[in-house]
Amino acid sequence: MAQAVVGGTHQVEHPETSTGLPHVKLAMWLFLSSECLLFGALITTYLLYRGSSQVGPYPNDVFDIPYTSVSSFVLLASSLTMVLALSAAQRTDFGRMRLWLLTTALLGMTFVGGQVYEFTAFVNEGLNLKTNLFGTTFFVLTGFHGVHVTVGILMLLSLVAFSMADRLPGDPAFPVEMVGLYWHFVDIVWIIIFTVVYLVPTGSGK
Amino acid sequence: MGSVSVAAEGSRGLLRRPTANTGFWSWFTTVDHKKIGIMYGVSSFVFLLVGGSEALLIRAQLAKPNGTVLSAAQYNELFTMHGLTMVFLVVMPMSAAFFNYLLPLMIGARDVAFPRLNAFSFWLFLFGGLFLYSSFLLGGAPNGGWFGYPPNSVTDPSVGMTFYALGLLITGIASTVGAVNLGVTIINMRAPGMTMFRMPVFVWMGLVVQLLLVFSLPIITVALFELLFDRRFGTHFFDPVVGGDPILWQHLFWLFGHPEVYILILPAFGIISEIIPVFSRKPLFGYQFVVFSGIAIGFIGFGVWAHHMFAVGLGPVANTAFGISTSIIAIPTGVKIFNWMATMHGGDIRFKTPMLFSIGTVTMFIIGGLSGVMHSVVPADYQQTDTYFIVAHFHYVLFGGAIFGLFAGAYFWWPKVFGRLLSEPLGKVHFWIMLIGFNLAFAPMHLLGLQGMIRRAYTYPETLGLGFWNFVSTIGAFTIAISMLVFIANVIKTQRRPQGVEADPWDARTLEWITSSPPAVHNFDEIPIVHSLDEFWHRKYAEDKSGKLVPVQAGGADHGGEVSHEGGGHGIHLPGPSYWPILVSFGFPLIGYGVIFDWWMAFVGTAIILFGFYGWALEPSAE
Amino acid sequence: MRKKLRLVLGLVALALLVACAPNATQDSLKPQGPYADKIHELFIPVVWIAAIVFVIVEGGIVLILLKYRHRKGQERMPAQTHGNTRLEIGWTILPSLVLAVLAVFTVQGIWDLASDPPANAMNVTVTGQQFWWKFEYTDADMQTAAGEPLTTANDLVIPTGRTVYLSVESHSNGSGFEVIHSFWVPELAGKQDAVPGRTNHILLEADHPGTYTGQCAELCGLSHANMRFQVIALAPADYDAWVDGQLGDAVTPGPGTQAEAGMNLFLNPLPNGNGSCVACHSIQGTSAAGVGGPDLTHFASRDCFAGCLFDTSDPEAIAEWLRDPAAVKPGAVMPNYHLSDGEIEQIVAYLQSLE
């Protein structure tokens, strides 16, 4: 009978998959499609309650559109640096790759920092989770997104650390590509949230 | 059995990789899909006994008018936990048990796509279930129904519904991870030649179920988070006092909840679609029709949710739309039943226990399906909703359909998993007692509901005239309990005997029967190459020109026994066992307790998860 | 085989006999008004269709199982049919047609039941509260001297032969939690949920005088099972007399009676300092104007109280209730005021005097 090696450490080639796609990539796409529905349900909740707060502060009272536009731009720019990181990884220029990954993480941290500042400002202006439906839906929706960005930052920093310790298994471009998929997804979601929450006027002044 | 060498030298991980593949402790670190499948099966069976005991208490309370067995508070906890247990801790994980064990074998793979994630899913499910049950000791179990409608579920002062939200979030993460894993396995790890339309129907149903999970669980995740925030952090998602709408929860819940019904029933449909052909000795009639109807059920399942809400007051337009979509979903379901009948037609039907349970599934599901069609007649549903008529309906679907189907699978694959055949006489006794008990318990509920018995009521007055059929129903419930004892006796008796069943005791059709019973740790010595649907059958039998079956002479088939030599023989690399999945999953219930009681536990939980993931990522792999 | 079949048929017949002659009193299968009839007339044909499908399909399965069962010692290799597209399309289309026909009647039924009430319909607002029902007669000719709508609790009194247009709501009025309830009188109409923040509507009508019981059908807390009520249909003349009685102020008990002592307890802060009845209850013609609990103006004219758990004619039941509401009705919102037996006796006398 055959011998099976359990827990072997030698590097073997990825077995060919039925679709030709690596398992991780397929899993990432499935996961992200699931995430689409997660954010879909959260955004739906926000839209449903838009303009139905009974007491202030209302969105127009607290939003600082130019400020949030800048931080949104920072997050969008991080998608570009992410692409540059991947392209460097594919050229096996791992120094550049780490540099761009770090830049991406820094941009992400700037965004999250901006969000923390914004939340604090809102709380100071009297808007918190319990104030009204706007506070409830706003903080939970953008907070969920902020947690996603934070997880992304952790992954980016881990990539840098693993790369420096030479602990990335197989082709380093692959994990960079996977983290990139996640990162771009989180960015795209922010474009939708930014549009829906900040840019589309509520009409009633609420 | 060949020697299994374990190499763990040069480990650079945070912890040494565990090495044992046998013995008690190996179960905690295993990443073998077969062992994980067995653990899913055992845990969900234990939960079945617990949830069943809750049902017995409920039936004891309702046996007579003005029952005094339970208090109102206990009753609300028990019927809520009964529902949660049966849906999330029995039928879902028992289906996961079959998927885990069988999918890789049926598609000719050595394991699932992500073995460690697979272990993680299992432990997270188990810890989520235990977390939910710990609520009995920690301030009260969930008591707002499995459907958890706010505002009642938010305003209830006991801690139960917080456990509900967190417990379901934890098991939901487990299911999502499991669904991604098994979905990738099916799509990506099929043996050479195993095209999508050569996959067994069970694998197809597995794929549909995983996709349903991936797309429906995020919706209830959001709903549960909103409920949790309302309860714990004072938000107003479902708070009518400041303008929130409790109906939002109902939409989100049923947008998950109805696909969930198909998540519960499609595995059983897949199981009996494998069993009926084997014991009729005919191929499944209209394979593609059965597959496509399963896919159609999955799709339409997302468009019928508001039929749970006909009495909410959504208005005639919505009720019309959802009434029609609900009746449409009966069509692909009916197709399956006719196809199973046509499969048996003209066959050589052998009434082995798995076949009996499969026939039980079909015949009982028909009853549940017909009462389901009655609900699509919306005005009739105005009377039936929230009554025992609905209780009868979904027990015919989920017990008569899913549980009978899962037992069919248990009897059918027991020899493959444990190398021993369950006793046929005891199995038949089990079947008949369960069938009689089931119908005694649930058929009277149709009448009870139509005659005005509401659901979720801990008591009813004598004047309603409902005593007789309630008493009959209680007798039926205890009869079901007896049938479970027969099954347990059968298992004990069987497991005491030595192993030694041949690879293919039923003369079956699919790939899992090629390999030994139980299969070796690497499943197949050589990965088979697939040339047709029911590959194994076609290696054993050919058809003559008139469609009659002719046994293939050994070695006489064109391609009998052909295998893929890629990676075959020596040096099959399987992932080693790992501590990390169980460790990481342990962090989640800690976060849950932290949210309820004290934040430091949540920080510890988060730290464990982060530490665990880094250990996981840095674990020296077999790759 | 035939003997078995006869036995089974006999058992089924017996079961049906028992089933068809029950003493159920809250029975959707015995509609007593035009709106319940409409549902029933839709439901019964569906039951027949389902029964026919049931017999054909289950019978077909049994026949197949008998005919094609494996017989001992007879090795038979069945013909390997893989499918038949025409047949399969056939049994896709056939049920579709049946369902399409059903759908036509379903849609008709939905819109029928959602149609506007007839011009002479009377309006009543139903409010679900934990765990009882409030009925307010909102028509202009149903106002009391004080300009308030006629209000009852747990007893909905209606005239026969006239449609009642119910507005179904859920409020807590500061007592208990605002949760979802569902209004259901099986013999007169289907269900309508009472959802906080929404006003839903349902029509009902009774053909004959009588008492039709109903209850809350949506889990609403501990005493969900005890949130019952009844619709009392009276002949129009009796109904008018009832309205006249209800529009008047409450009876003032004679001086020196137990009931008068009870009234004084009721209208003033309780001597034991635990609060007062009027914080939640109102009685027209007195200073009692609380809103959280049931209006008690004509308490004794009603059949039942506390979600129709007890009879108003039973002094012992009222006393038990006053002694500790939550002990006799789990989760009852009315607190235990720790009244003495003497005080309880006086309040019972007062309540029973409120004809």
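Cut-offs and rules
- Residues numbered from 1 in each chain as written.
- Chains lettered and ligands numbered in written order.
- Predicted model: local features only at pLDDT ≥ 70, side-chain atom pairs only at ≥ 80, totals over all residues.
- Helix = DSSP H or I, 4+ residues; strand = E, 2+ residues; numbered from the N terminus.
- Rg over C-alpha atoms; globule rule 2.2 N^0.38 Å.
- Buried ≥ 20, exposed ≤ 12 C-beta atoms within 10 Å, placed from the backbone.
- Contact = placed C-beta atoms within 7 Å.
- Nonpolar A, V, L, I, M, F, W, Y, C, P; charged D, E, K, R; others polar.
- Pairing = 2+ DSSP bridges.
- Axes fitted to C-alpha atoms, helices over the stretch in contact; angles between N-to-C directions.
- Core = buried A, V, L, I, M, F, W, Y, C linked by C-beta atoms within 7 Å.
- pLDDT = per-residue confidence, 0-100.

## So, the overall build of chain C
Piece 1. Helices and strands together make up the secondary structure of chain C, namely eight helices and 12 strands.
Piece 2. A compact globule built from 355 residues would reach a C-alpha radius of gyration of about 20 Å, whereas chain C, at 28 Å, exceeds it by more than 25%.
Piece 3. By principal-axis analysis of the C-alpha atoms, chain C measures approximately 100 × 50 × 35 Å.
Piece 4. Looking at chain C as a whole, 41% of its 355 residues are labelled buried.
Piece 5. Sequence separation of at least 24 residues holds for 65% of the intrachain contacts in chain C that already meet a minimum separation of 6.

## Topic: the interface of chain B and chain C
Piece 1. With 81 residues of chain B at the contact, the number on the chain C side is 76 residues.
Piece 2. Mapped by element, the contributors of at least two residues to the side of chain B that touches chain C are α3 (72-106), α5 (152-155), α8 (246-280), α9 (287-300), α10 (316-344), α11 (353-376), α12 (378-384) and α14 (424-450) of chain B.
Piece 3. Per element, the largest residue contribution to the side of chain B that touches chain C is 14 residues, and it comes from α10(B).
Piece 4. Of the residues belonging to the side of chain B that touches chain C, the class tally is 45 nonpolar, 27 polar and nine charged.

## Considering the arrangement of the chains
Piece 1. Considering every one of the two pairs of chains in contact, the largest contact total is recorded for chains B and C.
Piece 2. A gap remains between chain A and chain C, which never touch, and the nearest two C-alpha atoms on either side lie 13 Å apart.

## Observations regarding the sheet that holds strand β8 (residues 200-204) of chain C
Residue and element names in this part refer to chain C.
Piece 1. Taken together, five strands build an open sheet; the order of strands is β3-β2-β1-β5-β8 and the sheet is mixed. Taken across any chain shown, the strands that pair with only one partner, and hence form the sheet edges, are β3 (150-153) and β8. Each strand axis lies, on average, 25 degrees off the axis of its neighbour in the sheet, ignoring direction.
Piece 2. Note that strand β2 (residues 132-137) and β3 share four bridges and pair antiparallel. If you follow K134 over to β3, its bridge partner there is A153.

## Description of the nonpolar core
Piece 1. Membership of the largest hydrophobic core comes to 346 residues, with the highest contact counts inside it found for I107(B), L252(B) and I265(B).
Piece 2. Setting aside chain neighbours within four positions, we find I265(B) in contact with V397(B), L398(B), G401(B) and A402(B).

## Focus on the sheet that holds strand β10 (residues 228-234) of chain C
Residues and elements named next belong to chain C.
Piece 1. Read across the open sheet, the three strands follow the order β4-β10-β9; overall the sheet is mixed. Each edge of the open sheet is held by one strand with a lone partner, namely β4 (155-159) and β9 (210-215). Averaged over all pairs of adjacent strands, the angle between their axes in this sheet comes to 25 degrees, without regard to strand direction.
Piece 2. As judged from the five bridges shared by β4 and β10, these two strands associate in the parallel manner. Residue pairing for β10: I158 is matched across the bridge by A233.
Piece 3. Where helix α4 (residues 236-247) meets the sheet, its contacts fall on β4 and β10, and the angle it forms with β4 comes to roughly 130 degrees.

## Considerations on the environment of A237(C)
Piece 1. With respect to the helices and strands, A237(C) occurs in helix α4.
Piece 2. Each C-alpha atom of the pair A237(C) and T160(C) lies 9.9 Å from the other, and the pair is 77 residues apart in sequence.

## Some words on the pairing of strand β7 (residues 191-194) of chain C
All names here are of chain C.
Piece 1. Residues K191 and D193 line one face of β7 and the alternating positions Q192 and A194 line the opposite face, and both faces are buried.
Piece 2. With four bridges joining them, strand β6 (residues 181-184) and β7 adopt antiparallel strand pairing. Among the inter-strand pairings, W184 is bridged to a residue of β7, identified as K191.
Piece 3. What sits between the antiparallel neighbours β6 and β7 is a turn of six residues.

## Side note on the confidence of the model for chain B
Residues and elements named next belong to chain B.
Piece 1. Looking at chain B as a whole, its pLDDT mean stands at 92, while 94% of the residues score no less than 70.
Piece 2. Here strand β1 (residues 4-6) stands out as the least confident element of chain B, with mean pLDDT 40; helix α2 (residues 33-62) is the most confident, with 98.
Piece 3. In the predicted structure, residues 1-12 sits below a pLDDT of 50 and forms 33 contacts with residues beyond four places in sequence or in another chain.
Piece 4. Between residues 565-569, whose pLDDT stays under 50, and residues either more than four places distant or in other chains, the model counts seven contacts.

## Description of the environment of L466(B)
Piece 1. Within the secondary structure, L466(B) is located in the loop between α14 and α15 (467-496).
Piece 2. Residues L466(B) and L447(B), spaced 19 residues apart in sequence, show a C-alpha to C-alpha distance of 9.3 Å.
Piece 3. Here L466(B) is in contact with L448(B), Q451(B), M453(B), Y460(B) and A24(C), once residues within four sequence places are set aside.

## Focus on unusual backbone geometry
All names here are of chain B.
Piece 1. Here the bond from P150 into P151 is cis, since omega is 0 degrees, no more than 30 degrees from zero.
Piece 2. Mapped onto the elements of the fold, P151 is located in the loop between α4 (115-134) and α5.
Piece 3. With an omega of -10 degrees, the peptide bond running from S517 to P518 counts as cis.
Piece 4. Examined against the element boundaries, P518 turns out to sit in the loop between α15 and β2 (527-528).
Piece 5. Even without a glycine there, the phi angle at N523 is positive, about 70 degrees.

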